[in-house]
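Chain residues, written in single-letter form:
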Amino acid sequence: MSDRVFIFDTTLRDGEQALSASLSVHKKLQIAKQLERLGVDIMEVGFPISSPGDFESVQTIAREIKDSRVCALARAVKKDIDAAAQSLSVADQFRIHTFISTSTIHVENKLKRSFEDVLEMAVSSVKHARNYTDDVEFSCEDAGRTPIDNLCRTVEAAINAGATTINIPDTVGYTIPNEYGGIIQTLFNRVPNIDKAIISVHCHDDLGLSVANSIAAVQNGARQIECTINGIGERAGNCSLEEIAMIMATRAEFLGVHTNINAKEIHRTSQLVSNLCNSPIQANKAIVGSNAFTHSSGIHQDGMLKSGNTYEIMTPESIGLPRNHLNMTSRSGRHVIKHRMDEMGYKEQDFDLDVLYNKFLELADKKGQVFDYDLEALAFMEKQSDGAEQVKMISAVSHSDSKGNANATICLEIGGEQHTRTAEGNGPVDAAYHAIMDMTEQKVDITRYELSAAGSGQDALGQVDIVAHYKGQNFHGMGLETDVIAASAQALINVINLIIRADMVADKKQQMINKQELGTV
Ligand code: KIV
Ligand code: ZN
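Position numbers for residues start from 1 in each chain and track the written sequence from start to end. Each chain is given a letter, starting from A, and each ligand a number, starting from 1, according to the order in which they appear as written. Given that the model is predicted, a residue must reach a pLDDT of at least 70 before its local features are reported, and side-chain atom pairs must reach 80 or more before they are shown or counted; all residues, however, enter totals for whole chains, interfaces and linings. Side-chain numbers come from the whole structure's heavy atoms, not from hydrogens or water.

## Observations concerning unusual backbone geometry
What counts is decided by this rule: A run of H or I in DSSP becomes a helix once it reaches four residues, and a run of E becomes a strand once it reaches two; helices and strands are each numbered from the N terminus.
Of note in this structure, Arg235 is not a glycine but carries a positive phi near 50 degrees. Positionally, Arg235 belongs in the loop between strand E8 (224-227) and helix H10 (241-250). The phi angle at Glu441 is positive, at roughly 55 degrees, despite the residue not being glycine. Its location among the elements puts Glu441 in the loop between helix H17 (428-440) and strand E12 (445-454).

## Quick look at the sheet that holds strand E9 (residues 391-400)
Rules: Two strands pair if DSSP finds at least two bridges between them. Angles run from 0 to 180 degrees between N-to-C directions of axes, and those axes are lines fitted to C-alpha atoms, restricted for helices to the stretch in contact. The criterion used for residue contact is that any of the two residues' heavy atoms lie within 4.5 Å.
Overall, antiparallel pairing links the three strands, which are arranged E9-E10-E11 in an open sheet. Where the open sheet ends on each side, the last strands, each with one partner, are E9 and strand E11 (417-425). Taken over all neighbouring pairs, the strand axes of this sheet differ in orientation by 15 degrees on average, direction set aside. Two strands pair when backbone bridges link them, and strand E10 (residues 406-414) and E11 are joined in this way by nine bridges, in the antiparallel orientation. Opposite Ala408, over in E11, you have Ala423 as the bridge partner. Each of E9, E10 and E11 is contacted by H17, which is oriented at about 35 degrees to E10, the strand it contacts most.

## Topic: the state of the cysteines
For clarity, the cut-off: Note on terminology: disulfide denotes any pair of cysteine sulfur atoms within 2.5 Å. Exposed residues in this analysis have more than 50% of their type's maximum accessible area, buried residues have under 20%, and partly exposed residues fall in between, with area computed by a 1.4 Å probe over protein chains only.
Per the stated rule, a full pass over the model turns up zero disulfides. Distance from the sulfur of Cys203, which forms no disulfide, to the nearest cysteine sulfur (Cys239) is 6.4 Å. On the basis of relative accessible area, Cys203 is assigned to the buried category, the value being 1%.

## Thoughts on the environment of His476
To keep things clear, this is the line we draw: For this analysis, a polar contact is any N or O atom pair within 3.5 Å, provided that within protein one partner can donate a hydrogen and the other can accept it, and provided that sequence-adjacent residues contribute only side-chain to side-chain pairs.
Mapped onto the elements of the fold, His476 is located in strand E14 (residues 473-481). Note: C-alpha distance between His476 and Leu461 (15 residues apart in sequence) is 19 Å. What His476 contacts, discounting residues up to four positions off in sequence, is Tyr373, Asp465, Ile466, Val495 and Leu498. Here Asp465 takes part through its side chain, which lies 2.8 Å from a polar atom of the side chain of His476.

## Some remarks on the side chain of Asp54
With respect to the element layout, Asp54 can be found in helix H3 (residues 52-64). Judged by its relative accessible area of 10%, Asp54 falls in the buried class. Setting aside residues no more than four positions away along its own chain, Asp54 makes contact with Lys28, Gly46, Phe47 and Pro48.

## Describing the site of ligand 1
Cut-off, in case you're wondering: For this description, a residue counts as near a given molecule or strand if any of its non-hydrogen atoms is within 4 Å of it. Exposure was quantified through the Shrake-Rupley algorithm and a 1.4 Å probe, taking into account, for residues, occlusion by the shown protein chains and nothing else. Here the term charged refers only to Asp, Glu, Lys and Arg, the term nonpolar to Ala, Val, Leu, Ile, Met, Phe, Trp, Tyr, Cys and Pro, and the term polar to all other amino acids, Gly among them.
Lining the immediate surroundings of ligand 1 are Arg13, Asp14, His97, Phe99, Ser139, Glu141, Asn167, Pro169, Thr171, His202 and His204. A distance of 2.9 Å is found between an oxygen atom of ligand 1 and a side-chain nitrogen or oxygen belonging to Arg13. Protein burial of ligand 1: of its 260 Å² of free accessible surface, 94% is covered by the chains. Of all the secondary structure elements, the ones that give two or more residues to the shell around ligand 1 are helix H1 (11-15), strand E4 (94-101), strand E5 (136-141) and strand E6 (165-170). Tallied by class, the residues present in the shell around ligand 1 amount to two nonpolar, six polar and three charged.

## Some thoughts on the nonpolar core
Definition in use: Residues enter a nonpolar core if they are buried and are Ala, Val, Leu, Ile, Met, Phe, Trp, Tyr or Cys, with the set joined through side-chain atoms within 4.5 Å.
Counting residues in each nonpolar core, the largest one holds 87 residues, and the members touching the most others are Ile166, Ile168 and Ile225. If you tally residues by element for this core, the top one is helix H7 (residues 148-161), at six residues. Look past the residues within four positions of Ile166 in its chain and what remains in contact with it is Phe138, Val155, Ala158, Ile159, Ala197, Ile198, Ile199 and Ser200. Counting residues in hydrophobic clusters, the runner-up holds 33 residues, among them Val391, Met437, Tyr470 and Ile496.

## Here we look at helix H13 (residues 298-306)
Applied cut-off: Here the arc refers to the directions that run from the helix axis out to each C-beta atom.
Listed as buried for H13 are Gln301, Gly303 and Met304. End-on view of H13: buried residues confined to an arc of 160 degrees, all on one side of the axis. With respect to the buried face of H13, the exposed residues turned more than 90 degrees away are Ile299 and Lys306. Considering only its buried residues, H13 is in contact with helix H14 (334-343).

## Comments concerning the pattern of salt bridges
Applied cut-off: Here a salt bridge means any side-chain nitrogen of Lys or Arg lying within 4 Å of a carboxyl oxygen belonging to Asp or Glu.
Taken as a whole and assessed by the stated rule, the structure comprises 28 salt bridges. Of the charged contacts in the structure, one is a salt bridge between Asp372 and Arg340, with a shortest N-O distance of 2.6 Å. Placement of the pair is Asp372 in helix H16 (residues 372-380) and Arg340 in helix H14, with a sequence separation of 32 residues. An identical accessibility class is assigned to Asp372 and Arg340; each is buried.

## Focus: the environment of Ala283
Its location among the elements puts Ala283 in the loop between helix H12 (266-276) and H13. We classify Ala283 as partly exposed; its relative accessible area is 35%. Along the chain, Ala283 and Leu305 lie 22 residues apart, while their C-alpha atoms are 23 Å from each other. Apart from the residues within four sequence positions on either side, Ala283 is in contact with Gly289, Ser290, Asn291 and Ala292.

## As for the sheet that holds E8
One closed barrel accounts for eight strands, arranged E1-E2-E3-E4-E5-E6-E7-E8; its pairing is parallel. Adjacent strand axes in the sheet meet at a mean angle of 25 degrees, parallel and antiparallel pairs treated alike. Where strand E3 (residues 69-75) and E4 come together, six bridges link them in parallel fashion. Within E4, the position partnered with Cys71 by the bridge is Arg95. Each of E6 and strand E7 (198-203) is contacted by helix H8 (residues 177-190), which is oriented at about 160 degrees to E7, the strand it contacts most. Along the sheet face, helix H9 (residues 210-219) touches E6, E7 and E8 and points at about 165 degrees away from the line of E7.

## Section: the packing of H14 against H16
The condition that has to hold: Oblique is the label for any angle not under 35 degrees, not over 145, and not in the 65 to 115 range, which are roughly parallel, roughly antiparallel and roughly perpendicular in turn.
Viewed as axis vectors pointing N to C, H14 and H16 meet at an angle of 95 degrees, and their least axial separation amounts to 11 Å. The angle between H14 and H16 places the two elements in the roughly perpendicular class. Of the residues in H16, those touching H14 at Ile337, Arg340 and Met341 are Asp372, Leu375 and Ala379.

Next comes the structure, spelled out in structure tokens:
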């Protein structure tokens, strides 16, 4: 048996169908192109009969994608298969994926037919699809709960009808790894023509077992895994592509199989899907969560500084993520702070480690996480506290209407003096930002603005998080107020204070470099 496992990505079909808003054709194409770069073997990109929009996006993607095979979904009925074939016909090579439920629960309660009818529909739909292409996949929906004799009969009949890939979905995420692996093993033992098709698996994550089940299936002979980026999909989602790819890369020796995935594209793909689908990734998500390569505890940080393999089984670089710095919190030891300062180019004589570490601990207690720019500021400044901020908000008043007229009057204390400015904008936040940038004479390039509710219900606080880019660095500002305009203003003022401080640090750093250079002449 081959040791190559084919990766069938269904982000744009099973993943997309679970989103609160469907993706535009343009966004789907952007994702498809990135999936091609990632090296997926097959991408399932829609269900053409379901809407003209889906038909159009399948067609557009089929026209553009060359290195991965494009596939579309069809129920086991003629009109679905015809629509799939028509939308895919612009591609050089394509796959039609047709399916019907085989579990007694689905056959009796959903299809309201007999199992014999279902078998006949499976066979005739595969034969019909074969008129359009010799790459036909057939799925026994809810295979995980299908009586094993019925499953074996369906698989054998579909292969005889011409299916080249047979998919065994655990549609409701019900099975346990041993059990699911056992189903695959039974198919290999009992279906006489099983070697004429690739056996595929498609697991949902209702019990959090989709990845484990897929791996168990591969250990029992499956050679295609259906999965999605970030595990998005129906209900609890699908098997996550990045986890499968990294399991096979990291445990290649143990598993004895490999994929064609270019792992260095994983981080980029994950971010793109998360952003375009408006589907945030939990921080502790394996492989792509923001904490996946961040070491927080003092003991772990100490181990990592001594040797990377103490707490890392794969590197962030292997998934295309620039190395994450150690998470600097009150749990970080002195050596972590010294190491960061070294990495940023500071020599021991440039700062007093005892003083710096004490200031760092005070700040970490207040802020939680301390960033590089905070550490630099601490190293240079006499005292660092919120009270040292140059700009403070006194008040924010705004007016806006539904026609897009808006103005805001902001009162700030800048370096101890009060200033007030009114400005207009295309909305109240825009107006407030014009007023603040005007008064502080700071032109800030805001690359991200996020508004969320801290708490629940209509009286929740509005939390605004912004990221601004300034002289090659990103600064994060946060505002939390009952009034979302005031929260937005506060977030920008946070950023402006960080920028002012960064400029002061840069000046002092330059003075330090000048002094060092003079000392060496
Ligand atoms: O979960 C499922 O069974 C499916 C099929 C259409 C393959 O998505
Ligand atoms: Zn599914």
